[in-house]
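Now for the letters of each chain:
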Amino acid sequence: MNLIQQILRAVLFLILAFFGLVMAFVFMASTALAIGVLYIVARLKGRPFGVKAYWAERRRSAMPTGPGAWSRGSQPARERDVTDIEMREIP
């Protein structure tokens with residue numbers, strides 16, 4: 001009886017390990033496909049493909065332009081402040 005239980009546990013473990021390997025392979029293949037698509041799009045647009053170029057482009061588009069771009073103009077400083085929490089006593 002103990003031998004049958006051990007065999008069933010081993011078979012179930014091997015089945016789970018196989019499905020885990022299949023999922024890991026699918027994840028790796030989809031990642032490789034996504035990187036390939038990004039590479040082709042970058043080549044078609046004439047831009048360099050790489051992590052540094054990607055983050056430089058993202059940083060460039062997110063940066064505000066001009067002097068005082070981060071300020072909100074005529075609003076006083078109190079209205080620009082953000083309050084995360086407010087303390088109050090609970091009766």
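Residues numbered from 1 in each chain as written. Predicted model: local features only at pLDDT ≥ 70, side-chain atom pairs only at ≥ 80, totals over all residues. Heavy atoms only, no water.

Draft legend 1. Examining helix 1 (residues 2-45) more closely. Here helix 1 spans 64 Å end to end across 44 residues, near enough to the 64 Å set by a 1.5 Å rise per residue. At the exit of helix 1 stands Gly46, carrying a positive phi of roughly 80 degrees. (Helix = DSSP H or I, 4+ residues; strand = E, 2+ residues; numbered from the N terminus. Expected span 1.5 Å × (residues − 1).)

Draft legend 2. Focus on the packing of aromatic side chains. With the rule as written, the count across this model stands at 2 aromatic pairs. Judged by centre distance (5.5 Å) and plane angle (90 degrees), the rings of Tyr39 and Phe49 are edge-to-face. On the criterion of sequence distance, the pair formed by Tyr39 in helix 1 and Phe49 in the loop between helix 1 and helix 2 (51-62) is long-range, its members being 10 residues apart. Overall, the relative accessible area of 38% leaves Tyr39 in the partly exposed class. (Phe/Tyr/Trp six-rings, centres within 6.5 Å; stacked < 30°, edge-to-face > 60°. Buried < 20%, exposed > 50% of the residue type's maximum accessible area, 1.4 Å probe, protein only.)

Draft legend 3. How the structure looks around the layout of surface pockets. Reported here for the largest pocket is a volume of approximately 380 Å³. Taken together, 15 residues make up the lining of the largest pocket; nearest its centre are Ala42, Pro48, Phe49, Tyr54 and Glu57. Mapped onto the lining of the largest pocket, the elements with two or more residues apiece are helix 1 and helix 2. It is helix 2 that contributes the most residues to the lining of the largest pocket, 7 residues altogether. Residue classes in the lining of the largest pocket are distributed as 9 nonpolar, 1 polar and 5 charged. (1 Å grid on protein atoms, 1.4 Å probe; cavity = no way out; pocket = protein on both sides within 12 Å on 5 of 7 lines; lining within 4 Å. Points joined across faces, edges and corners; volume = space filled by probe spheres on them. Nonpolar A, V, L, I, M, F, W, Y, C, P; charged D, E, K, R; others polar.)

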